[in-house]
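# Commentary on secondary and tertiary structure
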Amino acid sequence: MLMARVIRIPLGCMAMLLAGTITAQLDSVALNYAASITEEDLRTHLTILASDDYQGRDTGKEGQKMAAAYLRQAFERMGIPPIPPHQAPDLVDGYFQPFELIEERIGGLDVVSHKDTLTFLNELFYFNEQLVEDLPVSALTYMGKVKDLTASTKVAAGAKAFLFSGAGLPADISAMVPLRLTMDWARKVEAQVVVVVMDDLSVLMREMKHAVGGARMRLAEQAKGEVKIKMQGTQLLLVDRDHVDALLAKGRFSKLQRAKAGKKVPAAFTVRSRPQQQRVVSENVLAFIEGTDRKEEVVVITAHYDHVGVEDGVVFNGADDDGSGTVALLEIAQAFAKAKAAGHGPRRSVLVMPVSGEEKGLLGSRHYSENPVFPLENTVADLNIDMIGRFDSVHATSAPYVYVIGSDRLSTELHAVNEEANRLYVGLDLDYTFNAPDDPNRFYYRSDHYNFVRKGVPSIFYFSGVHEDYHQPGDDVEKIRFDLLRQRTLLVFHTAWSLANREGRVTVDKP
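Right, let's walk through the structure included here. (Residues numbered from 1 in each chain as written. Predicted model: local features only at pLDDT ≥ 70, side-chain atom pairs only at ≥ 80, totals over all residues. Heavy atoms only, no water.)

Moving on, we come to the overall build of the protein. The number of helices and strands found in the protein is 13 helices and 20 strands. When the backbone C-alpha atoms are referred to their principal axes, the protein occupies close to 90 × 50 × 45 Å. A buried classification covers 54% of the 511 residues belonging to the protein. Within the protein, contacts between residues at least 6 apart in sequence are counted, and of these 82% link residues at least 24 apart. Accessible surface computed for the protein: about 22,100 Å², of which carbon and sulfur atoms make up 51%. (Helix = DSSP H or I, 4+ residues; strand = E, 2+ residues; numbered from the N terminus. Buried < 20%, exposed > 50% of the residue type's maximum accessible area, 1.4 Å probe, protein only. Contact = heavy atoms within 4.5 Å. Areas by Shrake-Rupley, 256 points an atom, 1.4 Å probe, with all protein chains shown as cover.)

Put into structure tokens, the structure is as follows:
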């Protein structure tokens, strides 16, 4: 026997009902299944996915694989079947869309001389690796102190390797400003390598280790056809003062400092390149709820389930970024699955897709946009959720809100559908601050919806703003506002429900 269900109407919506401001008719079926989205379920899922056991869900690593398995199992329990092989032959088990990545780590350059070998984070430091082949250096042009460099400094014709003194530079991260100016100059003179001798590298290395120590990734399919070249740009090397003499063929650096800028110095070392690359595989997870009379058209709902992993033994759990969006997807998928099982399934198909690789450059969604399981011309819209579990400093004392980004960029209708869903069912303050074309944060380009946008698919990015724990180990479940998370999830659900069931698909009326 079907049990009676109590329909809970959000307070904001109730207030509007009492005020008599709603003219459109509420969809009682949508309200019925929206009631299955609960704070308790959101908390249960997030407590698991954002626990230390999941190791920060770093792309391609064990924790991300564990999260993918958890998501698949959750979709199976909801009764969402795998996508059949004839529809998607490239999927694994009907749920996983794998994609191959090239992972690169800084630390693949050594400086080798007949006296010593200088290694990264020991006697040697740098911020980017520009060499892809070994570079022998037989001479350096001494240019004096970095802090005395001017853009008008002249160099001997043909000089490609330069030596600077870092005397007078700060020992900490503030040295980055003059070092960047040095690099600007070096690129102008088409230098191959610039060596800066630092009095003490230890503080700078400690402060910059976090910024340069992580892995960078790119899609393996993007790397196809790349040509290996000897130089990709100017290589900057910071060398500890106690070890710089190992690079010189004769003499000492201490005596050289009295020389005039432009002096040629014999050198005897090779910058050895050992690119630290490996191929890894990650997965998007697909839960497909097939539609009825308009099943060829698809509404896509995305959130990234990866985060940044573990650093120095500390787990970055990413409860808000983007555990909050991931568990919202689970609840939305459950609501649509319940509706379909009861004979109230959506007219258009709904693809709920947790993606991976977002933290590495929107890579999972990019792979899907280049290899769509369902044609993008049949994709009605993408609703993307990235961080909806907390509030930022601007809204510390405000009414419940959510940032809405991109809703009107391609489709006036999509914007209107979202506004009506909010007015009828949720009653959040919709903040369009970050939707401004001149937003200096450029959030419109910084989450997975943008890979749909660039293919012409109307999209919305739901966001609650940056907080003090963004990409920090303090982004934990205990700080999530589950009442706000549920309200924002309800807005995405009702917008998706409307897009999936309205008579016509939203039109693209803007370039």
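Having seen the model, we can carry on.
All told, the structure shown has 23 aromatic pairs when counted by the stated rule. Between Phe336 and Trp497 the ring centres are 5.6 Å apart and the planes differ by 25°, which places this aromatic pair in the stacked class. Taken together, the positions of Phe336 in helix α9 (residues 319-341) and Trp497 in helix α13 (residues 482-501) put the pair 161 residues apart, joining distant regions of the chain. A relative accessible area of 6% means that Trp497 is categorised as buried. (Phe/Tyr/Trp six-rings, centres within 6.5 Å; stacked < 30°, edge-to-face > 60°.)

Right, let's get into the side chain of Asp475. Of note, Asp475 is situated in the loop between β20 (459-463) and α13. In this structure Asp475 is buried but unpaired, with Arg390 as the nearest side chain of opposite charge at 4.1 Å. Among the polar contacts made by the side chain of Asp475, one reaches the main-chain amide nitrogen of Asp320 at a distance of 2.9 Å. The residues touching Asp475, leaving out its near neighbours within four places in the chain, are Asn317, Gly318, Ala319, Asp320, Asp321, Arg390, His467 and Asp469. (Lys, Arg positive; Asp, Glu negative; His and termini not counted. Salt bridge = Lys/Arg side-chain N within 4 Å of Asp/Glu carboxyl O. Polar contact = N/O pair within 3.5 Å; in protein donor to acceptor, adjacent residues only side chain to side chain.)

Turning our attention to the sheet that holds strand β13 (residues 294-304). In spatial order, the strands read β12-β16-β13-β17-β20-β18-β19; together these 7 strands make up an open sheet with mixed pairing. Of all strands in the sheet, those with a lone pairing partner are β12 (287-289) and β19 (429-431), marking the two edges. Shown here is a sheet whose adjacent strand axes are inclined to one another by a mean of 20°, direction ignored. Inspection of the sheet shows β12 paired to strand β16 (residues 348-355) by 3 bridges, in the antiparallel sense. Of the residues in β16, the one forming a bridge with Ala287 is Val352. (Pairing = 2+ DSSP bridges. Axes fitted to C-alpha atoms, helices over the stretch in contact; angles between N-to-C directions.)

Burial within helix α10 (residues 363-370) is extensive, with 6 of its 8 residues counted as buried. The set of residues buried in α10 consists of Leu363, Gly364, Ser365, His367, Tyr368 and Ser369.

Quick look at α9 now. Helix length check: α9 (23 residues) gives 31 Å between terminal C-alpha atoms against 33 Å at 1.5 Å per residue, within 8%. Most of α9 is tucked away: 20 of the 23 residues are buried. (Expected span 1.5 Å × (residues − 1).)

With that out of the way, let us pick up the sheet that holds strand β9 (residues 235-240). What the 8 strands build is an open sheet, ordered β3-β2-β10-β5-β6-β7-β9-β4; its pairing is mixed. On the outer flanks of this sheet lie β3 (117-118) and β4 (124-125), each paired with one strand and no other. As defined by bridge partners, strand β2 (residues 109-113) adjoins β3 across 2 bridges and the pair is classed as antiparallel. Residue pairing for β3: Val111 is matched across the bridge by Leu118.

Further remarks concern the nonpolar core. The biggest cluster of nonpolar side chains holds 70 residues, and the ones touching the most others in it are Phe75, Ile301, Val352, Ile385 and Phe493. Here the element with the most residues in this core is α9; it accounts for 11 residues. Every residue in contact with Ile301, bar those within four places of it in the chain, is listed here: Leu329, Ile332, Val350, Leu351, Val352, Met353, Asp382, Leu383, Ile385, Val492 and Ala496. Listed in part, the 54 residues of the second largest apolar core include Leu124, Leu238, Leu248 and Phe253. (Core = buried A, V, L, I, M, F, W, Y, C linked by side-chain atoms within 4.5 Å.)

On to the environment of Ile37. Here Ile37 lies in the loop between α2 (28-34) and α3 (39-49). Given the relative accessible area of 0%, Ile37 is considered buried. Each C-alpha atom of the pair Ile37 and Gln97 lies 27 Å from the other, and the pair is 60 residues apart in sequence.

By the bridge criterion, 10 bridges tie strand β1 (residues 96-105) to strand β11 (residues 276-285) in an arrangement that is antiparallel. Bridge pairing links Glu104 to Gln277 in β11. Pairing of β1 with strand β8 (residues 216-219) involves 4 bridges; the strand directions are antiparallel. Looking at β8, one finds that Glu104 is bridged to Arg216.

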